[in-house]
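# Structure at a glance
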Amino acid sequence: MSRYGERRSAAPGPDRSDGPSERLLGALLDMAHGLSPALIGPLIVAEVGRLGGRDLALLLQDYGQLALVPLSGLGLAAGEPVPIDGSPAGSAFLRGVPVEVPQADGVRVYLPLLDGGDEVGVLTFTLDAVVDEDRRFLRRFAALVADLLITKSGYTDRIFQARRLEPMSVAAEIQWSLLPPLSMTVARVAVAGILEPAYQVAGDSFDYALNDDVLHVATIDAMGHGLDAATMATVAIGAYRHARRADIGLAEIYAFMDRAIAEQFGPDHFVTAQMMRLDTVSGHLQWVNAGHPQPLLIRDHVVLERLESATTLPVGFGGEEPVISERVLRHGDRVLCFTDGLVEEREAGGEQFGEDQFIDWVNRVERSQDGVRAVVRALSHVLKEKRGGRTSDDATLFLIEWY
């Protein structure tokens with residue numbers, strides 16, 4: 001008999017009484033509405049303790065996506081950041097599935113905290129044993145914990161502070177506040193993005209929205225560095241969202257962003273951008289490329305081609321109405337968008353890293369990783385390493401997969 005569910009003898013009529021697992025989930029739901037952010041940890045510790053769980057820790061992804069950092073709180077286990085690569089917690093995080101590790105005093109359980117395909121971190125604790133009924137309950141429990149963390153993070157700084165392993169610049173603070181969730185996985189499409197340098201990024205950003213069956217995506221790179229670039233990026237993303245929510249076409253979105261940058265910053269300032277629309281039913285992709293490197297089409301984990309498009313001036317330069325490029329994807333195709341900081345960085349010998357070398361590493365990482373989130377993260381980190389650890393300019397990766 002499982003700890004989390006009690007078997008009852010047959011009786012006339014339906015049995016609507018709650019088992020221990022249902023009572024636990026119900027208690028969390030009942031308390032969630034008015035729960036102070038500081039009480040998330042103690043509440044989870046108390047409820048898991050009723051199930052025999054112990055040594056509970058909430059591990060949150062750091063901004064650089066290198067480590068999982070313990071959230072401090074009453075009753076929560078403290079400790080050093082856990083590397084994502086090569087650890088059971090990191091495996092649960094990257095794969096998005098629970099990991100169980102037998103040990104002398106029971107089983108150490110690592111539960112990915114998933115919300116709409118985005119991952120908050122990992123919940124981990126030790127149980128005496130785990131059976132199938134436990135696993136079904138724990139998946140639901142982890143989903144509720146993830147929702148609590150995401151909801152309550154809007155009311156506190158503690159979750160954001162816990163995720164920082166380095167000091168963050170003001171410009172980066174602005175950029176991170178603009179970003180949507182770094183990844184999304186739904187029935188027909190998955191996306192994932194990453195920015196570097198995570199704690200110093202200024203002019204790069206991305207945005208996306210899934211409106212009914214249409215995925216909208218934008219990646220931008222504002223000229224310059226520091227607060228000036230962050231300010232321009234803020235206006236560009238704000239203008240993009242405003243135009244997108246008005247349900248106008250890609251050409252009109254480009255024109256609206258162009259006017260917003262020109263009117264606010266004058267003729268000597270610009271933002272390179274790429275705006276896309278993907279019909280998630282048909283696979284019909286449309287895009288306007290305003291100064292970005294050409295996106296890559298990946299099929300069967302190999303770069304098939306660069307997606308050629310007509311030349312369009314960066315927003316802010318008063319370009320003419322852009323030509324909208326189009327392509328119909330096949331099921332399983334991926335489209336990789338990136339900014340020039342990834343290919344223009346100079347290696348130790350003085351030569352640019354270049355797109356050919358970039359594509360070579362895309363192919364290698366595609367063959368070694370599963371899922372868009374794992375691919376984007378691994379690609380960003382390996383590219384930075386191969387460029388000598390340098391990121392003198394902001395760099396962005398954004399990957400779309402159509403199922």
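This text goes with the structure placed above it.
These remarks concern the structure in this document. (Residues numbered from 1 in each chain as written. Predicted model: local features only at pLDDT ≥ 70, side-chain atom pairs only at ≥ 80, totals over all residues. Heavy atoms only, no water.)

## Here's the deal with the side chain of Thr272
Applied cut-off: Helix and strand definitions follow DSSP, with helices as H or I runs of at least four residues and strands as E runs of at least two, each counted in order from the N terminus. Only protein chains enter the calculation, and the probe is 1.4 Å; a residue is then buried if its accessible area is under 20% of its type maximum, exposed if over 50%, and partly exposed in between. What qualifies as a polar contact is a pair of N or O atoms within 3.5 Å, subject to a donor-acceptor requirement within protein and to the restriction that residues adjacent in sequence count only when both atoms come from side chains.
On the secondary structure map, Thr272 appears in strand β11 (residues 271-279). A relative accessible area of 10% means that Thr272 is categorised as buried. Polar side-chain contacts of Thr272 include one of 3.2 Å to the side chain of His292.

## Topic: the pattern of salt bridges
Any two side chains of opposite charge can pair, given that their charged atoms come close. Defined as follows: Salt bridge criterion: a side-chain nitrogen from Lys or Arg within 4 Å of a carboxyl oxygen from Asp or Glu.
Tallied over the full model, the rule gives 17 salt bridges. The partner of Arg135 in a salt bridge is Glu100, with the nearest N and O atoms 2.7 Å apart. Here Glu100 lies in strand β4 (residues 99-103) and Arg135 lies in helix α4 (residues 132-152), a separation of 35 residues in the sequence. Looking at Glu100, the relative accessible area reads 32%, which means it is partly exposed. The salt bridge involving Arg244 is made with Asp207; its shortest N-O contact spans 2.7 Å.

## Some remarks on the packing of aromatic side chains
The test is simple: For this analysis, a ring pair means two rings from Phe, Tyr or Trp (six-membered ring only for Trp) whose centres lie within 6.5 Å, classed as stacked if their planes differ by under 30 degrees, edge-to-face if by over 60, and tilted for the remaining angles.
All chains considered together, the criterion is met by seven aromatic pairs. Arranged with centres 5.9 Å apart and planes meeting at 45°, the rings of Tyr208 and Phe398 form a pair that is tilted. With Tyr208 in strand β9 (residues 204-211) and Phe398 in strand β17 (residues 395-402), this pair connects stretches of sequence that are 190 residues apart. The pair Tyr208 / Phe398 is uniform in exposure class, with both members buried. With 4.5 Å between their ring centres and 45° between their planes, Phe338 and Phe358 make a pair best called tilted. Of this pair, Phe338 sits in strand β16 (residues 334-338) while Phe358 is found in helix α9 (residues 355-368), placing the two residues 20 residues apart along the sequence. The residues Phe338 and Phe358 share a single accessibility class, namely buried.

## What about the packing of helix α6 (residues 170-178) against helix α7 (residues 226-245)?
Counted only if it meets this: To get an axis, fit a line to the C-alpha atoms, keeping to the stretch in contact for a helix; angles then go from 0 to 180 degrees between the N-to-C directions. Throughout this description, any angle smaller than 35 degrees is read as roughly parallel, any larger than 145 degrees as roughly antiparallel, any in the 65 to 115 degree range as roughly perpendicular, and the remainder as oblique. By definition, any crossing whose near helix is turned counterclockwise from its far helix by less than a right angle is left-handed, and any crossing with a clockwise turn is right-handed. Throughout, a contact is declared for two residues whenever any of their heavy atoms are within 4.5 Å. As a working rule, the residues Ala, Val, Leu, Ile, Met, Phe, Trp, Tyr, Cys and Pro are called nonpolar, Asp, Glu, Lys and Arg charged, and the rest polar, with Gly in that last group.
Packing of α6 against α7 leaves a shortest axis separation of 8 Å and a crossing angle of 15°. Judged by the angle between their axes, α6 and α7 are roughly parallel. In this structure, the crossing between α6 and α7 has a hand that is left-handed. Within the contact between the two elements, α6 uses Val170, Ala171, Ile174, Gln175 and Leu178 and α7 uses Gly226, Leu227, Ala230, Ala233, Thr234 and Arg241. Class assignment of the residues belonging to the contact of α6 with α7 gives a composition of seven nonpolar, three polar and one charged.

## Let's talk about helix α2 (residues 40-50)
When α2 is considered as a whole, its buried residues turn out to be Ile40, Gly41, Pro42, Leu43, Ile44, Glu47 and Val48. Note on α2: the residue one or two positions beyond its end, Gly52, has a positive phi of about 95°.

## Topic: the sheet that holds strand β6 (residues 118-127)
The condition is simple: By the convention used here, strands pair only if DSSP detects at least 2 bridges between them.
Sheet architecture is open: six strands sit in the order β3-β2-β1-β6-β5-β4, paired in antiparallel fashion. Strand pairing shows two members of the sheet lacking a second neighbour, β3 (82-83) and β4, which therefore form its edges. As paired elements, strand β5 (residues 106-115) and β6 share nine bridges and run antiparallel to each other. Bridge pairing links Leu113 to Gly121 in β6. Sitting on the sheet, α2 touches β1 (54-61) and β6, and the angle it makes with β1 is about 140°. Lying over the sheet, α4 contacts β1, β4, β5 and β6, oriented at roughly 50° with respect to β5.

## A look at α9
For clarity, the threshold we go by: A helix's residues, less one, multiplied by 1.5 Å, set its expected span.
Under the 1.5 Å per step criterion, the end-to-end length of α9 is 20 Å for 14 residues, consistent within 8% with the ideal 20 Å. All buried positions along α9 are accounted for by Phe358, Ile359, Trp361, Val362, Asn363, Val365 and Glu366. The inward-facing, buried residues of α9 contact β13 (296-299), β14 (302-306), β16, α10 (372-386) and β17.

## Some thoughts on the layout of surface pockets
Rules: Using protein atoms alone on a 1 Å grid, points that fit a 1.4 Å probe yet trap it form a cavity, whereas open point sets bounded by protein on both sides within 12 Å along at least five of seven lines form a pocket; residues with an atom within 4 Å of a point count as lining. Grid points are joined across faces, edges and corners, and a volume is the space filled by probe spheres set on the points.
Computed from the structure, the largest pocket encloses a volume of approximately 600 Å³. As for the largest pocket, its lining consists of 20 residues, and the residues nearest its centre are Asp118, Ser153, Phe160, Arg163 and Pro181. Looking at the lining of the largest pocket residue by residue, the class counts come to twelve nonpolar, three polar and five charged. There is about 280 Å³ of room inside the second largest pocket. The wall of the second largest pocket is formed by 16 residues, among which Gly64, Leu66, Glu166, Ala198 and Lys384 lie closest to the centre. Residue composition of the lining of the second largest pocket, by class: eight nonpolar, four polar and four charged.

Take it as geometry only, folks, not as evidence of what the structure does.
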